[in-house]
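# Observations on chain architecture
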Amino acid sequence: MTAADWARVSSDAFNAALFAYIAAMVLSFAYLAFRREGFHTASIVVGATGLVANVVSIVARGIAADRTPWGNMYEYSSLLTALIVVAYLVVVEWRYHVKTVGGFVFAFAIFTMAMAVSFFYVGPTDLQPALNSYWRQIHVTAMITASSLLGIGCLFTILYLVKLASERRAVAALGSGTPPPIVGGSVDADLDDDAPPDYVPGADEPVGSGAPAPPARRIALPPSATLDRLAYRFIQFGFPIWTFGVICGAIWAQQTWGRYWGWDPKETWSFITWTIFAGYLHARATAGWKGAKAASIALVGFVSLLITYYAVNLWIAGLHTYAT
Amino acid sequence: MRTALVLLLLLAAASAVGSLLPQIPNSPERVAAYRIAHPVVGDWFARAGFFDVFGSWWFALTLALLFVSLVACLIPRSRAMLRSIRQRPIQAREIDAFPLYREVVVPGDAVAAAGTARRVLRRHGYRVAVSDDGRAVAAEKGALREAGSLVFHWAFVVLLVAVVIGKGTGYVGHATIVEGQTWTDAAFNYDGDLRTGRFSSGAHTGIGIKLIDYSDDFRRSGVPMDFTSKVELIAPDGTPVREDDVTINHPVSFDGVRIFQFGFGWAPVVTIRDGGRILYDGPIVMGQNAPKGVNALTVPWIGFVKLTSLRPQVAIQLELYPDSVAYFGGLLSGGSPQPMTEANAPFMRYTVWQGRITDPSLTSLDTRFMHVTSSGGIGRGWTVDLSSGCVVSGGGASGLPEQVAGTACEPGHRSATSMSFPQLRQYTRLQISHDTTVPFVLGAAILILLGLIAAMYSSRRKVWVRAEARDGGTVLQVGGFALQRKDRFDEAFPKLVADMTDASTRTPIRPRQEVGAR
């Protein structure tokens, strides 16, 4: 097969993956709406098929361009999507058996892929010599892995806030004078409490929710404590990798541009993102800043992550403008 | 720690401003454009230092405050850490009150069982202390958590200091060297963008860099594949030391400076004669004004010769097409100019200006007080008459498209001022930087990462054991709790107890007296 053939395979597989993810998202939301186990199973199967297509697309692209296929924003986005879906399937589905959040993860993956196709598409071409370094591969791999982990963490943070609000509403609707019985991740005494000693699955459900009949079509997200813990787990995992990626980037910059740090927009924003997530991790350990407040810091971090990933390439000129 | 965090977030906010507004050190022309477009706001921004955020006094102040706040917080934390490491774990009274608690019956006497428990705990990485009666053990582990956190924060402080010292005492600038020429590291030899740190002594190394040869390699698409400057490195006293290749991603270190490949360009050698007198003889370093979005390789190179000694003064503007075949061939066949990646029938258009020269710059010409006296074209190996524009010699054998080949002078023509273009050379732009703290910055960065991982993935755990004789055997009471990652400890604790039971059962019970008798 020629390079052009491989390029076409890559492109077709990319589209197949995109459509599979869309189908998986719809199926996952259908599971939320109708609570039929079949929808969930179908969503996972279709999503996994999409993942296979995604990986095929990445590999074919590498063969077509005859280099590691992470050299420009289009390729980063494709890799990022694959890692997001892998992390979701392995950690969330397989390790934690949380079934209800897949639709949101697929939505994020679809957004990333759609952005890649709409704004960043370039054919499989040669790289600028500056990108021709093994530090590029390490740096980019680390940054994309970290981005996908932090991204999923932030997704769970959003779901956590949604769930928290609905739990609070449910408590308020009870109209009793009982204090909000929301316990769990939000009142942990320690930095990285996985489960507080008094944590019982479902304990953060509103007290007495068993007595009044629950609304028939309530979106059944996991309890807020679980979502909070998942969010924290992902961000905690992603943060050192982000740190590592930034350090590798500095080493590469030192080799290529003669300075390890030059306040280039991408560098600046990776520092800003790092700082905000550092703030989040500290906030989790600080009394009075847990729960929703810490979550809001993570959301600011997510915005900063998106700026680092997209806005810098689209609107701010700098050395990292590989999009064009 | 909270103050430090707030200061760090302030730095992040400041850097956001720095990335959104154009910055003087990176793009002075964009700052100027911004200030023209927004005169009032721009003026305030300039006064506040928003166009040089990372060099502003308030950025430095925030950095200094961050340093003070971190150190002020870390010193007591480190002391407490050292104290707690030296301290032996303290015995507990009511072991069964801990969140995790087990009771097991093991053979042997209480003291031996407690001793076995102590060994098992040690094997699991706990620091242990045995009570005076030998029947109780207190154990804890996870000092790595606080230690890692301290390493992380101290390394961050070291990083800050190393960066400030490195940037403060170092310098970075660019050197332009034409093939065959030697450049010497001295402040006035830089391209005018030398950035010297605040605390620099201003001294330069005085080393020499001679460009032996510059070469590059492009794909047909015009995508560059490699740039290589073959250089000879010369010690400050003038002795050549060695030859080396400076390429992208492969900088060269020499005598405390690091040399990076930064850019390249063309330098036509031009001789200008006025009768028998030589007015100019040497290479002209050419630049480009490629519009945004246009492949720079398809754009001609521009350079100037300024003859300030003549009255009226004369400036010659030169426009170089290194590969005239690719450029004009593409244009004349109705297409667009092809990328000019190599020298192939190089050709220059020249314009002669007369009048008053206002600026000495070799990259631009202020034509307000000047007018054009003649213009024409010149190929490599040609000589042209600057006053009439005709070709004195060399025009015939050029291989240039007919449309650009000039007209030969009349036979017997005597030119007053002539220009010849004997050869085309290339120049390289090297970035020269002097930064002594790079290894420290790297070391600190690695420690940051190690400290971070240690702090995040270790957890503090405490375990207490008490052994009581009962019915010929011993009852082991084991209690404990984890301060972090409790679910992991929930799994680890039963295993720990099982290990103690196994060890007590398996070890042949050695009576205490036997040990004493030895």
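Keep in mind that what you see is a predicted model, and the values were worked out from it rather than measured.

Helix and strand counts for chain A stand at eight helices and zero strands. Residues classed as buried in chain A amount to 52% of the 324 residues present. A separation of at least 24 residues holds for 78% of the contacts in chain A among residues at least 6 apart in sequence.

Along the backbone of chain B there are ten helices and 21 strands. What you see for chain B is a C-alpha radius of gyration of 38 Å, clearly larger than the 24 Å of a compact globule of 518 residues, by over 25%. Considered along the principal axes of its C-alpha atoms, chain B spans approximately 130 × 50 × 50 Å. Looking at chain B residue by residue over its 518 residues, the buried ones come to 36%.

Take the pairing of strand β12 (residues 277–283) of chain B next. All names here are of chain B. Sheet analysis places strand β11 (residues 257–274) next to β12, joined by six bridges and oriented antiparallel. Counted as the bridge partner of Val-270 is Gly-282 from β12. From the end of β11 to the start of β12, which pair antiparallel, there are two residues, and Gly-275 there has a positive phi angle of about 65°.

Residue and element names in this part refer to chain B. Read from one edge of the open sheet, five strands run β1-β21-β20-β3-β2, paired in antiparallel fashion. Only two strands of the sheet have a single neighbouring strand rather than two, namely β1 (100–106) and β2 (127–130). Taking each pair of neighbouring strands and ignoring which way they run, the sheet shows an average axis angle of 15°. With ten bridges joining them, strand β20 (residues 461–470) and strand β21 (residues 473–482) adopt antiparallel strand pairing. Bridge assignment links Arg-461 to a residue of β21, and that residue is Ala-482. Contacting β1, β2, β3 (136–141), β20 and β21, helix α5 (residues 110–123) runs over the sheet at an angle of about 160° to β20. Relative to β1, helix α9 (residues 486–506) is tilted by about 10°, and along the sheet it contacts β1, β20 and β21.

A few words now on the packing of helix α1 (residues 3–34) of chain A against helix α2 (residues 37–65) of chain A. Residues and elements named next belong to chain A. Axis separation between α1 and α2 bottoms out at 7 Å; the angle between their running directions is 160°. As summarised for this structure, α1 and α2 are arranged roughly antiparallel, according to the angle between their axes. α2 is crossed by α1, and the crossing has left-handed handedness. Looking at side-chain class alone, the contact of α1 with α2 contains 24 nonpolar, nine polar and one charged residues.

On to the domain arrangement of chain A, then. All names here are of chain A. Looking at the assigned domains, one finds that chain A contains domain 1 (1–127) and domain 2 (128–171 + 220–324). Centre-to-centre separation of domain 1 and domain 2, based on C-alpha positions: 20 Å. Contact residues are listed per partner, giving 25 residues for domain 1 and 25 residues for domain 2. Where the side of domain 1 that touches domain 2 is concerned, the elements lending two or more residues are α3 (73–95) and α4 (102–119). Top contributing element to the side of domain 1 that touches domain 2 by residue count: α3, with nine residues.

For the rest of this paragraph, the subject is unusual backbone geometry. Trans is the prevailing form of peptide bonds, just as negative phi is the prevailing case for residues other than glycine. With an omega of -5°, the peptide bond between Arg-311 of chain B and Pro-312 of chain B qualifies as cis. With respect to the helices and strands, the residue Pro-312 of chain B is situated in the loop between β13 (301–307) and β14 (313–321). One non-glycine residue, Trp-263 of chain A, adopts positive backbone phi at about 55°. Checked against the element boundaries, Trp-263 of chain A lands in the loop between α6 (224–256) and α7 (265–284). One non-glycine residue with positive phi stands out, namely Ala-345 of chain B, at about 50°. Note on placement: Ala-345 of chain B falls in the loop between α7 (324–332) and β15 (347–355).

All right, on to the environment of Leu-63 of chain B then. All names here are of chain B. Locating Leu-63 in the fold gives a position in helix α4 (residues 57–86). A tally of 19 C-beta atoms within 10 Å means that Leu-63 is categorised as partly exposed. The sequence separation of Leu-63 and Leu-11 amounts to 52 residues, and the corresponding C-alpha distance is 7.6 Å. Those residues in contact with Leu-63 that lie beyond four places of it in its chain are Leu-11 and Leu-160.

So, about the pairing of β11 of chain B. Residue and element names in this part refer to chain B. As paired strands, strand β10 (residues 252–254) and β11 are joined by three bridges and run antiparallel to one another. Across the sheet, residue Ser-253 finds its bridge partner in β11, namely Arg-258. Counting the residues in the hairpin turn of β10 and β11 gives two residues, including Asp-255, whose phi is positive at 50°. In the sheet, β11 pairs with strand β19 (residues 417–434) via 15 bridges, with the strands oriented antiparallel. Bridging across to β19, Gly-263 finds its partner in Arg-429.

The next subject is the sheet that holds β15 of chain B. Within a sheet, each strand pairs with its neighbour through backbone hydrogen bonds, oriented either parallel or antiparallel. Residues and elements named next belong to chain B. Read from one edge to the other, the open sheet built from four strands follows the order β13-β14-β15-β16, with strand pairing classed as antiparallel. Whereas interior strands pair on both sides, the edge strands pair on one side only; in this sheet they are β13 and β16 (370–379). For this sheet, the mean angle separating the axes of adjacent strands, direction not counted, is 20°. The pairing of β15 with β16 spans nine bridges and is classified as antiparallel.

Quick look at the nonpolar core now. By size, the foremost hydrophobic cluster in this structure holds 117 residues, and its most contacted members are Ile-84 and Val-105 of chain A. In terms of residue count, the dominant contributor to this core is α6 of chain A (16 residues). When neighbours within four sequence positions are excluded, Val-105 of chain A is seen to be in contact with Ile-84, Tyr-88, Ile-152 and Leu-155 of chain A. Within the second largest apolar cluster, 57 residues are counted, among which are Val-246, Phe-304, Val-391 and Met-419 of chain B.

The next subject is the environment of Gly-108 of chain B. Residue and element names in this part refer to chain B. The residue Gly-108 is located in the loop between β1 and α5 in this model. Since 22 C-beta atoms lie within 10 Å of it, Gly-108 is described here as buried. Put simply, Gly-108 and Thr-505 are 397 residues apart on the chain and 8.3 Å apart in space, counted from C-alpha to C-alpha.

The next subject is helix α3 (residues 39–48) of chain B. Little of α3 of chain B is tucked away: zero of the ten residues are buried. Taken from the residues just after α3 of chain B, Gly-49 of chain B is the one with a positive phi, measuring 80°.

As a further point, take the packing of α4 of chain B against helix α6 (residues 143–169) of chain B. Helices that pack against each other are described as a pair by the angle of their axes relative to one another and the distance between those axes. Residues and elements named next belong to chain B. At a minimum axis separation of 10 Å, α4 and α6 run at an interaxial angle of 150°. On the basis of the axis angle, α4 is roughly antiparallel to α6. For the element pair α4 and α6, the recorded crossing hand is left-handed. When α4 is examined against α6, the residues Leu-63, Phe-67, Leu-70, Val-71, Leu-74, Arg-77, Ser-78, Met-81 and Ile-85 are found in contact with a partner set consisting of Ala-143, Glu-146, Ala-147, Leu-150, His-153, Trp-154, Phe-156, Val-157 and Leu-160. Here the contact of α4 with α6 is composed, by residue class, of 14 nonpolar, two polar and two charged.

Once that is clear, we can look at the confidence of the model for chain B. In low-pLDDT regions, the fine details of the predicted coordinates are not to be read closely. Residue and element names in this part refer to chain B. For chain B, per-residue confidence averages 85 on the pLDDT scale, and 94% of positions sit at 70 or higher. The spread of mean pLDDT over the elements of chain B runs between helix α10 (residues 512–517), the lowest at 40, and strand β5 (residues 182–184), the highest at 93. Low confidence marks residues 509–518, where pLDDT is under 50. Its contacts with residues over four positions away, or in another chain, come to seven contacts. Here the predicted complex scores 0.75 on pTM and 0.77 on ipTM.

Conventions used here
- Note on numbering: residues in each chain are counted from 1, in written sequence order.
- Chain letters start at A and ligand numbers start at 1, both assigned in the order the entries are written.
- Totals for whole chains, interfaces and linings use every residue, but because this is a predicted model, local features are given only for residues with pLDDT of at least 70 and side-chain atom pairs only at 80 or more, for both listing and counting.
- Strands here are runs of E lasting at least two residues and helices are runs of H or I lasting at least four, both read from the DSSP assignment and numbered beginning at the N terminus.
- Partly exposed residues are those whose C-beta has more than 12 but fewer than 20 other C-beta atoms within 10 Å; 20 or more makes a residue buried and 12 or fewer makes it exposed, with C-beta atoms placed from the backbone.
- Contacts are defined on C-beta atoms placed from the backbone: any two residues whose C-beta positions lie within 7 Å are in contact.
- When we talk radius of gyration, it's over C-alpha atoms, and the globule rule is simply 2.2 Å times the number of residues to the 0.38.
- Note on pairing: two strands pair once DSSP finds at least 2 bridges between them.
- Lines fitted to C-alpha atoms define the axes here, with helix axes fitted over just the stretch in contact, and angles between the N-to-C directions of these axes take values from 0 to 180 degrees.
- Under this scheme an angle from 65 to 115 degrees is roughly perpendicular, one under 35 degrees roughly parallel, and one over 145 degrees roughly antiparallel; angles in between are oblique.
- For any pair of crossing helices, the crossing counts as left-handed if the nearer helix is rotated counterclockwise from the farther one by less than a right angle, and right-handed if it is rotated clockwise.
- Amino acid classes used here: Ala, Val, Leu, Ile, Met, Phe, Trp, Tyr, Cys and Pro are nonpolar; Asp, Glu, Lys and Arg are charged; the rest, including Gly, are polar.
- These domain boundaries are the output of an automatic or database domain assignment.
- Defined on buried residues, the nonpolar core groups Ala, Val, Leu, Ile, Met, Phe, Trp, Tyr and Cys residues joined through C-beta atoms within 7 Å.
- Values of pLDDT, ranging from 0 to 100, describe the predictor's confidence in every residue of the model.

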